[in-house]
Amino acid sequence: MNRGQINNLSRTLCRAVVLAALCLSPSQWSFEPMAGLHVTPGDIALLLAAGVWALDTLVRRDWARLWRLPPWPHWLFLGCVAASFLTAPDKGAAVKDFAQYVAYFMVGSMLFESFLREGEQCARQALAVLAAVAGAVLALALAQYFGGGEDPLLVRGTFGNRNVLDGFLALALPFCCAGLMGAPNNAVKTFCAVMLAFGMAVNLSAASYFAVALVFLCMAAAKGARWFLPVAAGLLLWQNAVLPRLPRENDIAHYRSVALYDESGEPERRYPEWQAAYSLVLTHPWTGIGPGNYQKQIGRYYAQVPRRTGPAEPDTQNLYLVLAASLGLPGLLAFLAMLAYAAAAALRGAAGAAPEDKRWQARGTAGALGAFAITAIWHPLLVRGIGLPLVFVLALARCIGQAESTDGKQADRSPAHL
């Protein structure tokens, strides 16, 4: 086997394991190799991909990729996590969260960006894998939706509950919205339409459902009246004529997922906890209580806020309050900077001079980040199963923005601009 064949084999293997990590990431199933340590298939695939990526770098001698580090918001965020770690009461829990953040926002970011830089074909492959995995998740969620049982939390796909599933849908469905309006062929458009309909049917979280609907309306408005009016009319009919007649009365489920009070007139648990979290932020504004320490420390900050006993619905916290309470306000701002940096890059691609068959990817990426940001107000979406897909979307957004900047520079050098 000659040098060229070895390089091609190494490149192919590296691409395969990176795609495998993306494929296995949307799941919260885990095993416990030691007490308190939960490992998912996505975690193992990410670790394997990092090793193969390092080997591929040695084989191909592509030393330049070692300097393609994540952008400054990632470093700022991890720096805030490290500073907060020093003040954490439970260092063991802090170590696990810090390691998870490094794995996602440093290792995962470098792997995905390196993969996407290989060419447009790689971006299409990654989106195809994400679409296939989202389709499998939706198929399972549909079976759970029609399979009986009244608890909406059990419509969860491959995740722990409906709130995490719907956070994943907030990342995935905007790509379907964009593909429906701008994909290059009718087969892709049909697939996107089916995925969007099924996704909106099993989405029982008002935050995620209306975030996706808002993103869909914004994309349609950007395309003009011929798209906005049919989309708006379709969403109105869906909301008022279809959802109330579905087996789980989705409109009522949406209402209950964000209601201030339960059926007995007592305040829902999520909002008193939000107030307690804000009280924690006021007490520890600079470094928070430490990564991984939120759940153990939040009970001390309820003060006069009523705190009900018994089991609570999982994943109803406000992500931004959780981050501010855990990492301090600097950590929250650094996380918002990561989202804003990537969203701005995606918007540059969506508004640029790229062909229409590439603009829909940019619109889908920007929409996914917007829907995620809205949904995170009601659900703490920086969890296993969503963290790695989020990192992929961030990397895709940056690559889209960089490609648009490169195209713009090349256009400026053309004879027409001299």
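Our structure is the block above this text.
Remember, predicted model here, so these are calculated numbers, not experimental data.

Caption draft 1: Seen up close, the pattern of salt bridges. In total, this model carries 15 salt bridges according to the counting rule given. Asp 56 is the partner of Arg 60 in a salt bridge, and the nearest nitrogen-oxygen pair spans 2.9 Å. Note that Arg 60 and Asp 56 are positioned in helix α2 (residues 41-60) at a spacing of four residues, about one turn of the helix. Across the salt bridge formed by Arg 117 and Glu 113, the nearest N and O atoms sit 3.7 Å from each other.

Caption draft 2: Quick peek at the packing of helix α3 (residues 72-85) against helix α13 (residues 319-351). The geometry of α3 relative to α13 is characterised by a closest axis approach of 8 Å and an angle of 165 degrees between their N-to-C directions. The pairing of α3 with α13 is recorded here as roughly antiparallel in orientation. Between α3 and α13 lies a crossing whose hand is left-handed. Judged by residue contacts, Trp 72, Pro 73, His 74, Leu 76, Phe 77, Cys 80, Val 81 and Ser 84 of α3 engage Ser 326, Leu 327, Pro 330, Gly 331, Ala 334, Phe 335, Ala 337, Met 338 and Tyr 341 from α13. When grouped by side-chain class, the residues that make up the contact of α3 with α13 number 13 nonpolar, four polar and no charged.

Caption draft 3: Quick look at unusual backbone geometry. A positive phi angle, near 55 degrees, is found at Arg 61, a position not held by glycine. For Arg 61, the location among the structural elements is in the loop between α2 and α3. Looking at Arg 61, the relative accessible area reads 54%, which means it is exposed. You will see that Asp 315, though not glycine, has its phi angle at about 60 degrees, which is positive. By the element assignment, Asp 315 lies in the loop between α12 (294-297) and α13.

Cut-off values and rules
Residues numbered from 1 in each chain as written. Predicted model: local features only at pLDDT ≥ 70, side-chain atom pairs only at ≥ 80, totals over all residues. Heavy atoms only, no water. Salt bridge = Lys/Arg side-chain N within 4 Å of Asp/Glu carboxyl O. Helix = DSSP H or I, 4+ residues; strand = E, 2+ residues; numbered from the N terminus. Axes fitted to C-alpha atoms, helices over the stretch in contact; angles between N-to-C directions. Parallel < 35°, antiparallel > 145°, perpendicular 65-115°, else oblique. Left-handed = near helix turned anticlockwise from the far one by under 90°. Contact = heavy atoms within 4.5 Å. Nonpolar A, V, L, I, M, F, W, Y, C, P; charged D, E, K, R; others polar. Buried < 20%, exposed > 50% of the residue type's maximum accessible area, 1.4 Å probe, protein only.

These figures capture arrangement, not role.
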